There are 2 protein chains.
Amino acid sequence: MTVTLASRMQHMKASEIRELLKLTERPEVISFAGGLPAPEFFPVEEMKSISLEVLDRAGRKALQYSTTEGHAPLRQKIAERMNRTQGTSVGADNILVITGSQQGADLTGKLFLDEGDVVLCESPTYLGAINALRAYGPRFVEVPTDDDGMLIPDLEKALAAHPNAKLLYVIPDFQNPSGRCWSLERRQGLMELARKHQLPVVEDSPYRDLCFEASSLPSLMSLDRDNLVIHLGTFSKTFCPGLRLGWVTAPKGLYEKYVLLKQGVDLHSSTMSQLLLDRYLERHDIEQNIARITAAYRARRDVMHAAMTREFPAGVRFNRPQGGLFLWVELPEGIDSRDVLAAAIQRDVAFVPGGCFFPNGGHHHTMRVNYSNMPEDRIEEGVRRLGSVIRSFLR
Amino acid sequence: MTVTLASRMQHMKASEIRELLKLTERPEVISFAGGLPAPEFFPVEEMKSISLEVLDRAGRKALQYSTTEGHAPLRQKIAERMNRTQGTSVGADNILVITGSQQGADLTGKLFLDEGDVVLCESPTYLGAINALRAYGPRFVEVPTDDDGMLIPDLEKALAAHPNAKLLYVIPDFQNPSGRCWSLERRQGLMELARKHQLPVVEDSPYRDLCFEASSLPSLMSLDRDNLVIHLGTFSKTFCPGLRLGWVTAPKGLYEKYVLLKQGVDLHSSTMSQLLLDRYLERHDIEQNIARITAAYRARRDVMHAAMTREFPAGVRFNRPQGGLFLWVELPEGIDSRDVLAAAIQRDVAFVPGGCFFPNGGHHHTMRVNYSNMPEDRIEEGVRRLGSVIRSFLR
């Protein structure tokens, strides 16, 4: 067949790393590669009784088409929880239920981006967002970050160099891939610049609730006085990813556009999934579920950090995230983490080479390491093997 | 806020008719407007036992992330059923599970269309596909149709006028909105031209299984010898739309591109929905379910057609579809069905004005009338009211 594809398909390549990681699906592999929640905390028993209740009380409704915006009581609950936990003041009419927050990145690209438009983002940033937005042909301008988030003077320089930038995409809480959490000052600094430039800010927030500290920092949406922030949320990390439910919170004006685009891409998200989640939120305390998950991930983070401290040779840097699923490792420059992965797979341990999180390439000495999906003894063993592999590269 | 949206948003307008139809959601309205299946045939009781089984046996898996391609046993079953009922020879590795076949239209636009590219389609065609594809900025070239499908000499002329056309989008079986079914000759004629021009053909096939006659005509994919046909299927009409499950069948080469794009837009479709459907297909005979639905829709089609014959004044033409959900009405030219709808809503009856199914406008004397979602007595009463409204316009 000699058919002609859209020109955007030139940028859309299957990742070599994804192919490599397919080799890690064997059960004997200790995988720190995925971003999977720990399935032992999925409320399987609760879901059984809830499934029966939903089908008994609203079976025909649960199995029928429904509105693009989403199940109204669920939207109400999402708005109330955001207002309660983040101090925002949004209503159900700002909430669009979507098929995982990944869909929010796609809809955002569709809404804002023409070919060649500039998207400002953290360096590194979330691979899934890069892939979603890349279909719309933008130029990514990476803004340097440190452990406290984006460097505000660098953001200012980037805005001066790209005054027509269309979007600022950030993950302020326990970022994927770096695990970093932005300080209050950086959040305020970003919002000040966004206001000055009237630049829309996409706050992707999948990990915010998985906070190992006593209290969270304000979300960007809660700091917004100009309706510039679009907030993407998800139940994939706090409930069950297999239901594919997330949400967009958008200011009026933009909200209706998201609905219009969502209708074109899949009409609406699963009615059954929405009714199951809505019933779960009525019958059970999701905060308690989140507390259980967070405690387990904190313990795993501790085990992983301690093991790295023991097992990794001098010259390897790694952080100690205050929440989320990921820890970020920097090898000495010159060591390519793709080679390290190839060697690690031979030892039945895996991670994601960090280079793929930099939309403009480079940074191949970095690694993203997940600690949420493996029990503590496997984390210890995996880090031991990884340390030995890394040492072999340092010789 | 004075943010700048993507230029595509200029074409993406909320439909006035959609706003009007919101007025028809009152329970007293007899609505022939939607394309909703009859919920009384949803297998609610079966879904209860299946939900328990899935959660008992594979609860953690059902609630976890899964692969973009879809649940492997489900893909296998879809391929086998296509081969059995359509005589195709596809494998599980041609099947991508998607979030309703609507998503297939979006992914197809993303895969093939650059701004200004020509899409050839039936006149009229499916509104949801127009909306999905429009986001990619194509020019729609409508090819005239009659009761047997697209007029092949007109397709030939269109191809001569637009030799760089990118896609041919058609719904050969019981089309939305017209209810028409293409004859074998037209199907063969289309495939001959597609072959000659090496033009990809999207066969959107949501209604194929709802056939009121003894046997179906060959699908385009079964006639394809050149890997030119992409087939979109769905379980929304034969099982439950609320699970949001459909599929793309694509030839190798294109298949991998669809997977890549699907990963960017929502990672994968609901694992829970997929496992429920897979278990349903194992435990129950979906052919029996389809037979029950089809018998009911055939009876409703009969009732609606008889009522229109009785109630509609001379000069109004309507067809008698051999399958699917919709019947197509042509009022005398000069009568605008949008005005008829406004008057009909006053009498608590609704339909969709046909103009919105023509991507380039016009044809406002046409109407799409759904018969699947109302019981027979309401169909009779609704057509009676509609006849009286139409008569008032003919005076």
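Here is what the cut-offs are and how they apply
Residues numbered from 1 in each chain as written. Chains lettered and ligands numbered in written order. Predicted model: local features only at pLDDT ≥ 70, side-chain atom pairs only at ≥ 80, totals over all residues. Heavy atoms only, no water. pLDDT = per-residue confidence, 0-100. Least-squares fit on C-alpha atoms with pLDDT ≥ 70 in both. Contact = heavy atoms within 4.5 Å. Buried area = accessible area lost by both parts, 1.4 Å probe. Salt bridge = Lys/Arg side-chain N within 4 Å of Asp/Glu carboxyl O. Polar contact = N/O pair within 3.5 Å; in protein donor to acceptor, adjacent residues only side chain to side chain. Helix = DSSP H or I, 4+ residues; strand = E, 2+ residues; numbered from the N terminus. Nonpolar A, V, L, I, M, F, W, Y, C, P; charged D, E, K, R; others polar. Axes fitted to C-alpha atoms, helices over the stretch in contact; angles between N-to-C directions. Parallel < 35°, antiparallel > 145°, perpendicular 65-115°, else oblique. Left-handed = near helix turned anticlockwise from the far one by under 90°. 1 Å grid on protein atoms, 1.4 Å probe; cavity = no way out; pocket = protein on both sides within 12 Å on 5 of 7 lines; lining within 4 Å. Points joined across faces, edges and corners; volume = space filled by probe spheres on them. Buried < 20%, exposed > 50% of the residue type's maximum accessible area, 1.4 Å probe, protein only.

S.K.: Explanation requested: the confidence of the model for chain A in the structure shown.
M.R.: A low pLDDT score tells you not to read the predicted coordinates there in detail. Mean pLDDT over chain A stands at 96; residues scoring 70 or higher make up 99%. Here the prediction assigns the complex a pTM of 0.97, and the interface score ipTM is 0.96.

S.K.: Help me understand the relation of the copies chain A and chain B in this model?
M.R.: The two copies are related by a screw operation: chain A maps onto chain B through 180 degrees of rotation and 0.0 Å of translation along the axis, at an RMSD of 0.0 Å. Put plainly, the chains are arranged around a two-fold axis. Nearest to the rotation axis, the C-alpha of A:S51 is located 3.3 Å from it, this being the minimum over chain A. A symmetric contact is evident, with 100% of the interface residues of chain A recurring at the interface of chain B.

S.K.: Quick question: what am I supposed to make of the interface of chain A and chain B here?
M.R.: You'll often see interface size given as the accessible area lost when the parts meet. Contacts between the two partners involve 79 residues from chain A and, on the opposite side, 79 residues from chain B. Carbon and sulfur atoms make up 62% of the surface buried where chain A meets chain B, a total of about 6600 Å² over both sides. Counting across the chain A and chain B interface gives four salt bridges. Linking chain A with chain B are 36 residue pairs in polar contact (both at pLDDT 80 or more), by the criterion used here. Secondary-structure elements contributing two or more residues to the side of chain A that touches chain B are α1 (16-22), α2 (44-63), α4 (101-112), α9 (254-266) and α10 (271-283) of chain A. Broken down by element, the side of chain A that touches chain B gets its largest block of residues, eleven residues, from α2(A). Class assignment of the residues belonging to the side of chain A that touches chain B gives a composition of 37 nonpolar, 24 polar and 18 charged.

S.K.: Please explain the packing of helix α3 (residues 72-86) of chain A against α10(A) as it appears in this structure.
M.R.: A packed helix pair is summarised by two numbers, namely the angle formed by the two axes and the spacing between the axes. All names here are of chain A. One can describe the packing of α3 onto α10 by two numbers: an axis separation of 9 Å at closest approach and a directional angle of 50 degrees. With respect to α10, the element α3 is oriented oblique. Relative to α10, α3 is oriented so that their crossing is left-handed. Mapping the contact onto sequence places P73, L74 and K77 in α3 and Q274, L277, D278, L281 and E282 in α10. In terms of residue class, the contact of α3 with α10 is made up of four nonpolar, one polar and three charged.

S.K.: What is the right way to read empty space enclosed by the protein from this model?
M.R.: Where empty space is left becomes clear once a probe the size of a water molecule has been rolled over the atoms. All names here are of chain A. A complete count under the given rule lists nine cavities of 30 Å³ or more for this structure. A volume near 120 Å³ is recorded for the largest cavity. For the lining of the largest cavity, the secondary-structure elements that each account for two or more residues are α3 and β8 (229-234). When residues in the lining of the largest cavity are grouped by element, the largest group, four residues, is from α3.

S.K.: Looking at this structure, how should I read the pattern of salt bridges?
M.R.: In a structure, side chains of opposite charge can pair up when their charged atoms sit close to one another. The final tally for this structure, using the stated rule, is 63 salt bridges over all chains. Measuring nitrogen to oxygen at the nearest pair gives 3.9 Å for the salt bridge that ties A:K157 to A:D154. Placement of both A:K157 and A:D154 in helix α6 (residues 152-161) is noted, with a separation of three residues, approximately one turn of the helix. Residue A:K157 is classed as exposed on the basis of its relative accessible area, which comes to 57%. We note a salt bridge from B:R301 to B:D302, for which the minimum N-O separation is 3.0 Å. Note on B:R301: relative accessible area 3%, which makes it buried.

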